[in-house]
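Single-letter residue listing:
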Amino acid sequence: AGLQAHRHDITQEGRIRLGRDGGPVDLRVTVMPGISGEKLNVRIFNPATQLFAIANLGMSKAQAETLAGLLSEPTGAIVICGPGGSGKTTTLYAALQHLAERPARRAIATIEDPVEFDLPGVSQTQVGRDLDFPKALSVLLRQDPGVIMVGEIRDPQTAQIAMRAGMSGQLLLTTIHAGGPEMVIPRLLDLGLEPYMVSSALSAIVSQRLIRTLCPACAQKATLNPQDLATIGLQSADIVGAQVKAAVGCPQCRGTGYGGRTGIFDITQIGAEIGRLVMARDVDAIRERLATDGLRRAAAEKVLAGVTDVAEVVRVLGAEK
């Protein structure tokens, strides 16, 4: 992976590309030093199985239409939030693929660390030791692309330049580490952005998580008791005609009961009301206004459709309080 094998006291990141019959597979390696030794994590990416389409993300039909509508706008910032490993990059790539396939395609450019996948028709730049996000973004803006994707907003300077792009004629797609939509605007303000920049540029926040899907070979029909219903925020009337299933476990899924993952999403459009709260720096009111149970509703719909089960929803989101 190109790591320094003799160093055990620093964090390191690397990448391995393995050739196999189905095509190349990328391994993304990260190493974290610890008091008992190094902790190593390997993330497996198989480009052959990555289907970058909004329809494949796991969104409802209404959510997919909302996202497509947001992507058709000429300006504004769409911020995707969630913890690490929640599928934010896949959603970004699906949005870029959607834009690249439009008949009146706009010039699309990305700044990433690292470039996860090669997208035809998209100009992609990887930051490194001699090129950081702010410097790359400053130069890119002078080339006047129609769409800019910044892999992650992680520092004040990147936040400033990126949001100015969203204000001044470009469509900006980016991600930020935040647990939900109610945490995104406070985070942007904490990074030093002026309220007018956030209220003018931010058009929508997409919050997401990944949940495991039930193994089709062994999942069995199940019934939900009142406690299960309360756990995922449902009532008895909600399960009429539902196809509820539960994980069992078999050799095909190695006894886990699950096979594959899908996304659950909550899309929050930023309107005039939120804009006024931002201008007033009323962070408490912003959090209260944007704290929704959209992710839990999306997860409950997956349970009712037999895609996943209550135990998986609780593992990812916790129990309804």
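Residues numbered from 1 in each chain as written. Predicted model: local features only at pLDDT ≥ 70, side-chain atom pairs only at ≥ 80, totals over all residues. Heavy atoms only, no water.

Draft legend 1. Quick peek at the sheet that holds strand 1 (residues 12-18). Pairing is antiparallel across the open sheet formed by 3 strands, whose spatial order is 1-2-3. Looking at strand neighbours, the two that pair on one side only are strand 1 and strand 3 (39-45), the edges of this open sheet. Taken over all neighbouring pairs, the strand axes of this sheet differ in orientation by 20° on average, direction set aside. Pairing geometry for strand 1 and strand 2 (residues 25-32), over 7 bridges, is antiparallel. Across the sheet, Gln 12 pairs through a bridge with Val 31, a residue of strand 2. (Pairing = 2+ DSSP bridges. Helix = DSSP H or I, 4+ residues; strand = E, 2+ residues; numbered from the N terminus. Axes fitted to C-alpha atoms, helices over the stretch in contact; angles between N-to-C directions.)

Draft legend 2. Region of the structure containing the nonpolar core. One finds Met 163, Val 184, Ile 185, Leu 188, Val 198 and Ile 205 to be the most contacted residues of the largest nonpolar core, which totals 38 residues. Counting residues per element, this core draws most heavily on helix 4 (residues 156-167), which supplies 5 residues. Beyond its immediate sequence surroundings of up to four residues, Val 198 is in contact with Ile 185, Leu 188, Leu 189, Leu 193 and Val 278. Ranked by size, the runner-up nonpolar core spans 30 residues in total, among them Leu 92, Met 149, Leu 171 and Phe 265. (Core = buried A, V, L, I, M, F, W, Y, C linked by side-chain atoms within 4.5 Å. Buried < 20%, exposed > 50% of the residue type's maximum accessible area, 1.4 Å probe, protein only. Contact = heavy atoms within 4.5 Å.)

Draft legend 3. View of empty space enclosed by the protein. Summed over all chains, the structure comprises 1 cavity of 30 Å³ or more. Size it by volume and the largest cavity reaches roughly 50 Å³. In terms of lining residues, the largest cavity is bounded by Leu 67, Leu 71, Ile 78, Ile 80, Thr 91, Leu 92, Ala 95, Leu 173, Thr 174 and Val 206. Listed by contribution, the elements that provide at least two residues to the lining of the largest cavity are helix 1 (61-71), strand 4 (76-81), helix 2 (88-100) and strand 8 (171-176). Of the residues contributing to the lining of the largest cavity, the split by class is 8 nonpolar, 2 polar and no charged. (1 Å grid on protein atoms, 1.4 Å probe; cavity = no way out; pocket = protein on both sides within 12 Å on 5 of 7 lines; lining within 4 Å. Points joined across faces, edges and corners; volume = space filled by probe spheres on them. Nonpolar A, V, L, I, M, F, W, Y, C, P; charged D, E, K, R; others polar.)

Draft legend 4. Here's a closer look at the layout of surface pockets. Size it by volume and the largest pocket reaches roughly 1400 Å³. Taken together, the elements giving at least two residues each to the lining of the largest pocket come down to strand 1, strand 2, strand 3, helix 2, strand 9 (202-214) and strand 12 (258-269). A per-class count over the lining of the largest pocket returns 13 nonpolar, 21 polar and 11 charged. Counted as a void, the second largest pocket has a volume near 320 Å³. Taken together, 13 residues make up the lining of the second largest pocket; nearest its centre are Glu 13, Asp 113, Val 127, Gly 128 and Arg 129. By residue class, the composition of the lining of the second largest pocket is 4 nonpolar, 6 polar and 3 charged.

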